[in-house]
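Listed below, chain by chain, are the residues.
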Amino acid sequence: MSAIYLEFDFKVSPKTPFTDILMAELGSVGFESFEETEEGLMGYIQKEFWNENALQDLYSFENPLVEISYEQREVEQVNWNEEWEKNFDPIVVDGRCTVRAPFHEKATTEYEVIIEPKMSFGTGHHETTHMMIQLLLDTDLKEKDVLDMGCGTGVLAILAEKLGARHADAIDIDRWCYENSLENVERNSCRNIDVYEGDANLLEGKEYDVVIANINRNILLQDLEKYAAVLRKGGVLLLSGFYEDDIPILKEKCSSLKLNFTQKLEKNLWVALKFLNLRQIH
Ligand SMILES: C[S@@+](CC[C@H](N)C(=O)[O-])C[C@H]1O[C@@H](n2cnc3c(N)ncnc32)[C@H](O)[C@@H]1O
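Sequence positions are assigned chain by chain, starting from 1 and proceeding in written order. Local features in this predicted model are restricted to residues of pLDDT 70 or higher, and side-chain atom pairs are both shown and tallied only at a pLDDT of 80 or more, whereas totals for entire chains, interfaces and linings draw on every residue. Note that the side-chain values use all heavy atoms of the structure and ignore hydrogens as well as water.

So, on to the overall build of the chain. For the chain, the count of helices and strands is 8 helices and 14 strands. Relative to the compact-globule value of 19 Å for 282 residues, the chain shows a C-alpha radius of gyration of 18 Å, a close match. Dimensions along the principal axes, computed over C-alpha positions, put the chain at roughly 55 × 40 × 35 Å. Each residue is placed in one exposure class: buried if its accessible area under a 1.4 Å probe, protein chains only, is under 20% of its type's maximum, exposed if it is over 50%, and partly exposed if it falls in between. The burial tally for the chain puts 54% of its 282 residues in the buried class. The long-range fraction of contacts in the chain, counting pairs at least 24 apart against all pairs at least 6 apart in sequence, stands at 67%. Throughout, the Shrake-Rupley method with a 1.4 Å probe supplies accessible areas, and for residues the shown protein chains are the sole cover considered. Here the chain has roughly 13,200 Å² of accessible surface; of this, 45% comes from carbon and sulfur atoms. The numbering of helices and of strands both runs from the N terminus, where a helix is a DSSP run of H or I of at least 4 residues and a strand a run of E of at least 2. Each radius of gyration is computed over the set of C-alpha atoms, and the globule rule expresses the reference value as 2.2 Å times the number of residues to the power 0.38. Contact definition: two residues touch when any of their heavy atoms are within 4.5 Å.

Quick look at unusual backbone geometry now. Following Ser 13, the chain continues into Pro 14 via a peptide bond in cis, with omega recorded as -5°. Relative to the assigned elements, Pro 14 resides in the loop between strand S1 (4–13) and helix H1 (15–28). We note that Glu 143 has phi near 65°; this positive angle belongs to a residue other than glycine. A relative accessible area of 52% places Glu 143 in the exposed class. A positive phi angle, close to 65°, is found at Lys 258, a residue other than glycine. Locating Lys 258 in the fold gives a position in the loop between helix H8 (247–256) and strand S13 (259–267).

Right, let's talk about the pairing of strand S10 (residues 193–197) for a bit. Paired strands, in this sense, are two strands between which DSSP finds at least two bridges. Relative to S10, strand S9 (residues 167–172) runs parallel, the two being bridged by 5 bridges. Bridging across to S10, Asp 172 finds its partner in Glu 197. When the strands point away from the viewer and the connection leading from the first strand across the helix to the second strand turns clockwise, the crossover is called right-handed. For the crossover from S9 across helix H6 (residues 175–187) to S10, the handedness is right-handed.

It is worth spelling out the sheet that holds strand S5 (residues 91–93) at this point. Two orientations exist for strands paired in a sheet by backbone hydrogen bonds: parallel and antiparallel. Reading across the sheet, the 3 strands line up as S5-S6-S7 and stay open at both edges, with mixed pairing between neighbours. Each edge of the open sheet is held by one strand with a lone partner, namely S5 and strand S7 (111–114). Direction aside, neighbouring strands of the sheet carry axes that sit 20° apart on average. For helices, the axis comes from a line fit to the C-alpha atoms of the stretch in contact; other axes are also lines fit to C-alpha atoms, and the angle between any two N-to-C directions lies between 0 and 180 degrees. Packed on one face of the sheet, helix H5 (residues 155–162) meets strand S6 (97–100) and S7 and runs near 145° to S7.

Take a look at the structure:
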């Protein structure tokens, strides 16, 4: 039996760069396939996975710099692979790391991550993923234990292993992301990554040298204490998923946890921050 899909016709103004951002975010809430249109994009999601509140939580709908409207209708299933293959180009970060789909040609960069995103966030197209990749490329990961919290497709944990990490835990609260990360870990022949479905409550008793969390301002504020509690002295914390305006409150929270701010990256109003842990844990 073929699945019933909902087709959303999104009108995005201004179209650039916000259509790409919206597409990446829709991927994180279950949209499987996209098609660019004159005024924005069409997005498709299986009816059984659609949740009326899903769009409200997306950054794009809160962003004052963009106006988004949409109409929706029910459609029969089509060949989604073919659809999204047309719409997903490989991403190259700083000339050093390519994130590509299995059907793209092998990359010529030093590092390559192969991702079949299906329904999960993390193809490298989103500014926050891009900046986290940049920060990871500049962090010493050799023989380090890494936590990738909110792993999406698993892209950051996979890159961490390729950069020499001893071990990575990749955790996501979303079932689809958990399953997709497992598939992508296998696809990249990673041997040292464990994937879990869950949240910061899974961290008790763990210890890491590097903690990566690209989620959103509110979850980060809520869970930073738990991330700090598992970060070894001298360890690195990489955060993204928020805007320039959110920096003061996040820095204040980190400072109260003795996490020392060291670096900021910025792309289309999105931000990524790097902190060092100055205190002993446990
Ligand atoms: C912005 S995406 C980042 C995905 C990927 N790490 C990347 O950089 O592209 C955020 C992810 O965090 C997950 N998430 C949301 N709340 C979470 C929580 N409390 N604990 C763990 N993961 C969470 C979402 O399901 C989503 O996959």
